[in-house]
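Structural characterization, general
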Amino acid sequence: MEKGTLVEFRVQGDRRLGVVDRPDGKTRWFVVDERGQSHSLAPRQLTYTVNEQTYKPADIPSFLSQVQTYLDPSSLEVAWEILVEDGETVTPSQMANLLFSESEPQHCYAAHCLLSDDKMYFKQKGDVYEPRSAAQVAERKHQIEVEAQKAKGQQEFLARVEQALQGESVEWQKPDRQRLEALEKYATFVADIVRMGINAEALVRNYPPPAPVLETMNMLGRSATPQAALQLLIDLGWWSPHENLFLRRSSIPVQFPSKVLEVAQQHLDFPPADLDTNRLDLTHLKVYTIDDESTTEIDDGLSCENLADGRQRLWVHIADPTRWLMPEDELDLEARKRGSTVYLPTGMIPMFPEVLATGPMSLVQGKICCALSFGVVLDESGAVEDYSIHPTLIKPTYRLTYEDVDEMLELGVQAEPEIEAIANLAQKRKTWRYNQGAISINMPEAMIKVKDDDISIDILDDSPSRQLVAEMMILAGEVAARYGQAHNIPLPFRGQPQPELPPEEELLQLPAGFVRFCALRRCMPKSEMSITPVRHAGLGLDTYTQATSPIRRYSDLLTHFQLKAHLRGEDLPFSAEQLKEVMMTVSTTTQELTMVERQTNRYYALEYLRRNPEEIWQVTILMWLREDSNLALILLEDLGLQLPMVFRRSVSLGEQVLVKVSIADPQKDIIQFQEIIYQEAVSG
């Protein structure tokens, strides 16, 4: 190759011109570019040679300036239209003649640049270029248009993201929503990281982000991890800082399908025929419903009737949602899929559409309501002497809160002797159950509520009114189970195996109260479901089923379906095998619900503690989790919360100490306390 020949080569993909200086060995050449830099190049690295004259490196800028005037990519389309019909190939020199009617070095090099950069009309074959077919060009144009649209969409998305990050209101478009929904799905893996203690890097390794997530996060310059996706959604205002990832990760439906809502509204507007045409009219009885003030699904009421022989009959009236639905209809299948109403600090997710659950299905004060009523006469010991079950009509007289009833019992309100009578019978009933081996475990329970980002934690104390209601619900459950047993009806019976409790002398060595209750709780086996009667050791009952919350617990609804069909003399809607199958499905669902409720409560408990870092809490040491490393379970007495704590000194079970929060991170499920010695607490 002649010294001074102008050649093109590439440096890291960039086009560059240089002048041949001298040989470098047998096959290579030293080439000097316009910057005076020398490059040793093999012939295969040269992508074009400018023939006919020689150059110096200083001539390169002038040459490129001349070439620049001819670099119009749109001119290739005209040449392509001429050449495509015959499929003629063309060299850069021929293309220069075709485009510019000249073939000087600058024209030929300009044609080479146009052809080598072109991705639309021509493809290179050796030293010549072949026109693409009309179909190929059409497809290429379509691809370019799609890519241009995509690039435009990305730029517009980035602009909206910037708006949102600055706190401005944004109207997200459909493609934006698809991006954000992909991020949502990936961000919920944070819940797995927390629940299972998975290392975040390991999770990303095993579950790499989907392509749309990777593209979005790369576009925004953020790492493609579940935590980063979560933080982005929060930063954009798409999610709240306390988005319930446990709920999102679950299969729990938050909204009702439109078809189910339509059916609910139709039933409200045009009530279905009541299959129980012979309802017992109990509208003359005084009926008390007793619930928390916030309760909207009122599913039980109580009455006390004085009989002619001087005895008293207790009535436990349970809401009758089966009045509004049939087994296997839209409402029933949706309730079965949900398994239960979900109670979260932020609100509830009902099992039935609200228009029915809080309306005609509930026992509403002052309105005539359909119910399934359990009439029970107790003997002197508190055992069931006589009982009957009836579909009824009742008219709830008073809607009371637990606090109302506690006050009435304390003051002995003369105008409401029935309340006192029910309380006395409940106490007699409780005594009888404990004589049958029932086990009492009385641990404080936290009730966490979130409203407008304010978190409150109250303790559900075991007040006389709550004990009264609990005893009446247990009584109705026993009666329902006894009826099922007597008539060989498959029901979702609930039992609990007899626990192996520590010897009494061992229990007595533990501090009385919460520590002892905690030790007992550890010994209690899980309750179990069965289609045949089984003893419930914890309640002290030989047979038991849940029947008192059919609006919010599907297993109770199953009990109602079976009992009511038998009371009408009809075939049972569920055979033993069918009932077993449904119970298994519902049991799996309710386990998931319980887990989500527990995780959500824990999250907000930690968030409450995070917000109160200077608060000093009195705690009781309940039990050892790992005694060798001083890890104990503590009870925050004012909040009813049970959490782990590592002690730096030797402590004893039952000991009460003062602590405050040192670290609380609800997103990472981390809580750490530090002990406060008495002098610090006083001076603080």
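Presented here is an overview of the structure given in this document.

**Focus on the side chain of Glu-597**
Among the secondary structure elements, Glu-597 is positioned in helix H21 (residues 576-610). For the buried residue Glu-597, which engages in no salt bridge, the nearest side chain bearing the opposite charge is Arg-598, 7.8 Å off. Within the structure, the side chain of Glu-597 is placed 2.9 Å from the backbone nitrogen of Tyr-343, a separation counted as a polar contact. Sequence-distant contacts of Glu-597, that is, excluding residues within four places in its chain, are made with Thr-341, Val-342, Tyr-343 and Leu-344.

**Remarks on the layout of surface pockets**
If you add up the space inside the second largest pocket, you get close to 460 Å³. What lines the second largest pocket is a set of 21 residues, and nearest its centre among them are Thr-47, Tyr-48, Thr-49, Pro-92 and His-112. Looking at the lining of the second largest pocket residue by residue, the classes come out as 6 nonpolar, 10 polar and 5 charged.

**Some points on a negative patch on the surface**
A contiguous patch of negative charge on the surface is contributed by Glu-293, Glu-403, Asp-404, Glu-407, Glu-410, Asp-461 and Asp-462. Among the secondary structure elements, Asp-461 is positioned in the loop between strand E18 (454-460) and helix H17 (464-486). By relative accessible area, Asp-461 is classed as partly exposed at 45%.

**Points about the sheet that holds strand E22 (residues 631-636)**
On the basis of which strands lie adjacent, the open sheet formed by 5 strands has the order E23-E22-E21-E24-E25 and antiparallel pairing. In this open sheet, the two edge strands, each paired with only one partner strand, are strand E23 (641-646) and strand E25 (670-676). Adjacent strand axes in the sheet meet at a mean angle of 45° when their direction is disregarded. Two strands pair when backbone bridges link them, and E22 and E23 are joined in this way by 6 bridges, in the antiparallel orientation. Across the sheet, the residue bridging to Leu-631 is Val-646, located in E23. Contacting strand E21 (617-626), E22 and E23, helix H19 (residues 514-523) crosses the sheet at an angle of about 35° to E21. Against the sheet, H21 touches E21, E22, E23, strand E24 (656-665) and E25, its axis set at about 65° to E23.

**Quick word on the pairing of strand E14 (residues 369-378)**
With respect to burial, E14 is a largely interior element, 10 of its 10 residues being buried. On E14, burial covers both faces: Cys-369, Ala-371, Ser-373, Gly-375 and Val-377 on one face and Cys-370, Leu-372, Phe-374, Val-376 and Leu-378 on the other are all buried. Of the strand pairs in this sheet, strand E11 (residues 312-319) and E14 are connected by 6 bridges, and their pairing is antiparallel. Across the sheet, Ala-319 pairs through a bridge with Ala-371, a residue of E14. Judged from the 10 bridges that link them, E14 and strand E15 (residues 384-394) form a sheet pairing that is antiparallel. Along E15, the bridge assignment pairs Val-376 with Tyr-387. Hairpin remark: E14 followed by E15, antiparallel, with 5 residues in the connecting loop; positive phi at Gly-382, about 105°.

**Some points on the sheet that holds strand E1 (residues 6-11)**
With respect to topology, 5 strands assemble into an open sheet ordered E4-E3-E2-E1-E5, the strand pairing being antiparallel. Of all strands in the sheet, those with a lone pairing partner are strand E4 (38-41) and strand E5 (46-50), marking the two edges. Recorded for the sheet is a direction-independent mean angle of 40° between the axes of neighbouring strands. Pairing of strand E2 (residues 14-24) with strand E3 (residues 28-33), which is carried by 6 bridges, proceeds in the antiparallel orientation. Among the inter-strand pairings, Gly-18 is bridged to a residue of E3, identified as Asp-33.

**Topic: the pairing of E3**
In terms of burial, E3 is largely enclosed, as 5 of its 6 residues are buried. Count of turn residues in the E2/E3 antiparallel hairpin: 3 residues, of which Gly-25 carries a positive phi of about 80°. Of the strand pairs in this sheet, E3 and E4 are connected by 4 bridges, and their pairing is antiparallel. Across the sheet, Phe-30 pairs through a bridge with Ser-40, a residue of E4.

**A few points about the nonpolar core**
In summary, soluble globular proteins display a tendency toward joint burial of nonpolar side chains. Counting 61 residues, the largest nonpolar core has Leu-609, Leu-636, Leu-641 and Phe-673 as the members making the most contacts within it. Residue contributions to this core peak at 8 residues, all from H21. For Leu-609, the contacting residues outside a window of four places in its chain are Trp-617, Leu-636, Leu-639, Leu-641, Leu-643, Val-661, Ala-664, Ile-671 and Phe-673. Counting 38 residues, the second largest nonpolar core, distinct from the first, contains Phe-374, Val-376, Ile-422 and Leu-475.

**What about the packing of aromatic side chains?**
In this structure the tally under the stated criterion is 12 aromatic pairs. Summarising the aromatic geometry, the rings of Tyr-70 and Phe-100 are spaced 4.9 Å apart at their centres and angled 55° between planes, so their arrangement reads as tilted. One end of the pair, Tyr-70, is in the loop between helix H1 (60-68) and helix H2 (75-83); the other, Phe-100, is in helix H3 (residues 92-100), with 30 residues separating them in the sequence. Given the relative accessible area of 16%, Phe-100 is considered buried. Where Phe-561 meets Phe-574, the ring centres are 6.3 Å apart and the plane angle is 55°; that geometry is what we call tilted. Of this pair, Phe-561 sits in helix H20 (residues 554-567) while Phe-574 sits in the loop between H20 and H21, and the two are 13 residues apart along the sequence. For the pair shown, Phe-561 and Phe-574 are each scored as buried. Site record: aromatic cluster; members linked through ring pairs are Tyr-48, Tyr-55, Phe-63 and Tyr-109. Stacked on the ring of Phe-256, the Lys or Arg Arg-338 has its end atom at 3.6 Å from the ring centre. Its end group placed over the ring of Tyr-434, Arg-433 keeps NZ or CZ at 5.5 Å from the ring centre.

**Let's talk about H20**
With 14 residues, H20 should reach 20 Å at 1.5 Å per residue; the first-to-last C-alpha distance of 20 Å fits that figure. Most of H20 is tucked away, with 12 of its 14 residues classed as buried. Those residues of H20 that fall on the buried side of the exposure criterion are Tyr-554, Ser-555, Asp-556, Leu-557, Leu-558, Thr-559, His-560, Phe-561, Gln-562, Leu-563, Lys-564 and Ala-565. Its buried side turned inward, H20 meets E11, helix H13 (330-338), E14, H17, strand E20 (528-530) and H21. Downstream of H20 by a residue or two, Gly-569 has a phi angle that is positive, lying close to 80°.

Here is what the cut-offs are and how they apply
- Residues numbered from 1 in each chain as written.
- Predicted model: local features only at pLDDT ≥ 70, side-chain atom pairs only at ≥ 80, totals over all residues.
- Heavy atoms only, no water.
- Helix = DSSP H or I, 4+ residues; strand = E, 2+ residues; numbered from the N terminus.
- Buried < 20%, exposed > 50% of the residue type's maximum accessible area, 1.4 Å probe, protein only.
- Lys, Arg positive; Asp, Glu negative; His and termini not counted.
- Salt bridge = Lys/Arg side-chain N within 4 Å of Asp/Glu carboxyl O.
- Polar contact = N/O pair within 3.5 Å; in protein donor to acceptor, adjacent residues only side chain to side chain.
- Contact = heavy atoms within 4.5 Å.
- 1 Å grid on protein atoms, 1.4 Å probe; cavity = no way out; pocket = protein on both sides within 12 Å on 5 of 7 lines; lining within 4 Å.
- Points joined across faces, edges and corners; volume = space filled by probe spheres on them.
- Nonpolar A, V, L, I, M, F, W, Y, C, P; charged D, E, K, R; others polar.
- Patch = residues over 30% accessible without salt bridge, like charges linked within 9 Å, V, L, I, M, F, W, Y side chains within 5 Å.
- Areas by Shrake-Rupley, 256 points an atom, 1.4 Å probe, with all protein chains shown as cover.
- Charge placed at Lys NZ, Arg CZ, Asp CG, Glu CD.
- Pairing = 2+ DSSP bridges.
- Axes fitted to C-alpha atoms, helices over the stretch in contact; angles between N-to-C directions.
- Core = buried A, V, L, I, M, F, W, Y, C linked by side-chain atoms within 4.5 Å.
- Phe/Tyr/Trp six-rings, centres within 6.5 Å; stacked < 30°, edge-to-face > 60°.
- Lys NZ or Arg CZ within 6 Å of the ring centre and 35° of its normal.
- Expected span 1.5 Å × (residues − 1).

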